[in-house]
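Chain by chain, the residues:
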Amino acid sequence: MLEIKNLSIQTEDKKILNDLNLKINDGEIHAIMGPNGVGKSTLCKVILNDKNYLKKGTIIFNNKNITNEETSNIAKEGIFLINQNPIELEGITNAEMLRTVLNASGKKLNIFEFSKKAKEICNELNIPENFLHREINLGMSGGEKKKNELIHLWMLEPNFIILDEIDSGLDVDSLKTVEESIMKYYEKYKPSILIITHHKQILENIKPDFVHILKDGMIKKSGDYNLANYVEENGFNNI
Ligand code: ADP
Ligand code: MG
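This text gives an overview of the structure that appears in the document. (Residues numbered from 1 in each chain as written. Chains lettered and ligands numbered in written order. Predicted model: local features only at pLDDT ≥ 70, side-chain atom pairs only at ≥ 80, totals over all residues. Heavy atoms only, no water.)

### So, the coordination of the magnesium ion (ligand 2)
Part 1 of the reasoning: Coordination of the magnesium ion (ligand 2) by the protein comes from Ser41 (OG) and Gln84 (OE1), over a distance range of 2.1 to 2.2 Å. Here the residue Ser41 occupies a position in helix α1 (residues 40-47), and Gln84 occupies one in the loop between β6 (79-82) and α3 (94-104), the gap between them amounting to 43 residues. (Donors = N, O, S within 2.8 Å, 3.2 Å for Na, K, Ca; no water. Helix = DSSP H or I, 4+ residues; strand = E, 2+ residues; numbered from the N terminus.)

### So, the site of ligand 1
Part 1 of the reasoning: As a structural note, the neighbourhood of ligand 1 is formed by Thr11, Lys14, Ile16, Pro35, Asn36, Gly37, Val38, Gly39, Lys40, Ser41, Thr42 and Tyr53.
Part 2 of the reasoning: Lys40 is positioned such that a nitrogen or oxygen atom in its backbone is 2.8 Å from an oxygen atom of ligand 1.
Part 3 of the reasoning: Within the side chain of Tyr53, one N or O atom sits 2.7 Å away from a nitrogen atom of ligand 1.
Part 4 of the reasoning: Contact with the protein chains covers 65% of the free accessible surface of ligand 1, which is 560 Å². (Near = heavy atom within 4 Å. Polar contact = N/O pair within 3.5 Å; in protein donor to acceptor, adjacent residues only side chain to side chain. Areas by Shrake-Rupley, 256 points an atom, 1.4 Å probe, with all protein chains shown as cover.)

### Focus on the sheet that holds strand β4 (residues 54-61)
Part 1 of the reasoning: Taken together, the four strands give an open sheet; going across it, the order is β2-β1-β4-β5, and neighbouring strands pair in antiparallel fashion. Sheet topology places β2 (15-24) and β5 (64-65) at the edges, where each strand pairs with a single neighbour.
Part 2 of the reasoning: For strand β1 (residues 2-10) and β4, the ladder comprises seven bridges, and the chain directions are antiparallel. Note on β4: the bridge partner recorded for Ser8 is Lys56.
Part 3 of the reasoning: Contacting β1, β2 and β4, α1 crosses the sheet at an angle of about 120° to β1. (Pairing = 2+ DSSP bridges. Contact = heavy atoms within 4.5 Å. Axes fitted to C-alpha atoms, helices over the stretch in contact; angles between N-to-C directions.)

### Considering the side chain of Asp164
Part 1 of the reasoning: Secondary-structure assignment places Asp164 in strand β7 (residues 160-164).
Part 2 of the reasoning: Of the side chains with opposite charge, Lys45 lies nearest to the buried Asp164, which makes no salt bridge, at 6.7 Å.
Part 3 of the reasoning: Residues within four places of Asp164 in sequence aside, it is in contact with Ser41, Cys44, Leu81, Ile82, Asn83, Gln84 and Ile196. (Buried < 20%, exposed > 50% of the residue type's maximum accessible area, 1.4 Å probe, protein only. Lys, Arg positive; Asp, Glu negative; His and termini not counted. Salt bridge = Lys/Arg side-chain N within 4 Å of Asp/Glu carboxyl O.)

### Structural notes on the sheet that holds β7
Part 1 of the reasoning: If you trace the six strands from one edge of the open sheet to the other, you get β6-β7-β8-β3-β9-β10, paired in mixed fashion. In this open sheet, the two edge strands, each paired with only one partner strand, are β6 and β10 (218-223). Taken over all neighbouring pairs, the strand axes of this sheet differ in orientation by 20° on average, direction set aside.
Part 2 of the reasoning: Of the strand pairs in this sheet, β6 and β7 are connected by four bridges, and their pairing is parallel.

### Some details on the packing of aromatic side chains
Part 1 of the reasoning: Taken as a whole and judged by the stated rule, the model has four aromatic pairs.
Part 2 of the reasoning: Ring geometry for Phe61 versus Phe160: centroids 5.8 Å apart, planes at 90°, classification edge-to-face. Within this pair, whereas Phe61 is found in strand β4, its partner Phe160 is found in strand β7, the two being separated by 99 residues in sequence.
Part 3 of the reasoning: By relative accessible area, Phe160 is classed as buried at 0%.
Part 4 of the reasoning: Ring centres of Tyr185 and Tyr189 lie 4.6 Å apart, and the angle between their planes is 35°; this geometry places the pair in the tilted category. Here Tyr185 and its partner Tyr189 are both found in helix α6 (residues 172-189), four residues apart, which amounts to about one turn of the helix.
Part 5 of the reasoning: Relative accessible area serves as the criterion here: at 0%, Tyr185 is assigned to the buried category.
Part 6 of the reasoning: Taking relative accessible area as the criterion, Tyr189 reaches 28% and is therefore assigned partly exposed.
Part 7 of the reasoning: Joined through ring pairs, the aromatic side chains of Trp154, Tyr185 and Tyr189 make up one cluster.
Part 8 of the reasoning: We note Arg99 situated over the ring of Phe114; from NZ or CZ to the ring centre the distance is 5.0 Å. (Phe/Tyr/Trp six-rings, centres within 6.5 Å; stacked < 30°, edge-to-face > 60°. Lys NZ or Arg CZ within 6 Å of the ring centre and 35° of its normal.)

### With respect to α6
Part 1 of the reasoning: With 18 residues, α6 extends 26 Å from end C-alpha to end C-alpha; this agrees with the ideal 26 Å at 1.5 Å per step.
Part 2 of the reasoning: All of the buried residues in α6 are Ser174, Leu175, Thr177, Val178, Glu179, Ser181, Ile182, Met183, Tyr185 and Tyr186.
Part 3 of the reasoning: Buried residues along α6 sit in contact with β3 (29-33), α4 (111-125), α5 (142-156), β7, β8 (192-196) and α7 (200-205).
Part 4 of the reasoning: The N-cap residue of α6 is Asp171: its side-chain oxygen and the backbone nitrogen of Asp173 are 3.1 Å apart. (Expected span 1.5 Å × (residues − 1).)

Structure below.
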């Protein structure tokens, strides 16, 4: 479903990724682990064609070359990213954004369907229904932002989810709610998931089929869940 071929990324003065290859089939869960600053977040952003980077290589999604596609079109194709630090968007509420995006992607809900679905999601996530009418992520705590992004996930129903350190900054209860919500979504829609994390803990609940170690700009090692155990015990130095 998603295939990244020979991807090299740099900024004006720094090489970040070097000839990276990765293939994620429908319904698979892949985890990427790696030390700080190796380019994990950059990879996530580049999949959605963040224009801040110089890029070589090809990214194919559902047989379509999306390497240079507009971010909004990539999102319409069904790729959804929850950023490590979700951005705050002043002046537009969750509900306004979601209704606009749903209309633009041909998944229009009438006002009653929209409101019913959105309220159910808020209740599941244990956040007040008035979040729907707040400006996107504005003034929200770290944990609330991640839950707010999950409202978007459930409303937009993407089939490829990228989670960039969704566990960072969450208290134990919020983390549990977030993990359960993601697994519930996975059971219902069977999307592909690319999850970036430093900690094995979240992978106990969002269990990956494959674990990859990103280091020196490339995937240095791939394996199954046991590779996450190895990293937990031995760190990244010997990989
Ligand atoms: P990770 O998520 O693995 O911790 P990042 O992808 O955030 O790492 O960053 C990788 C490296 O690239 C870091 O050294 C970071 O400072 C640098 N970097 C990322 N984005 C930019 C950018 N837009 N401009 C300049 N340097 C960047
Ligand atoms: Mg990062």
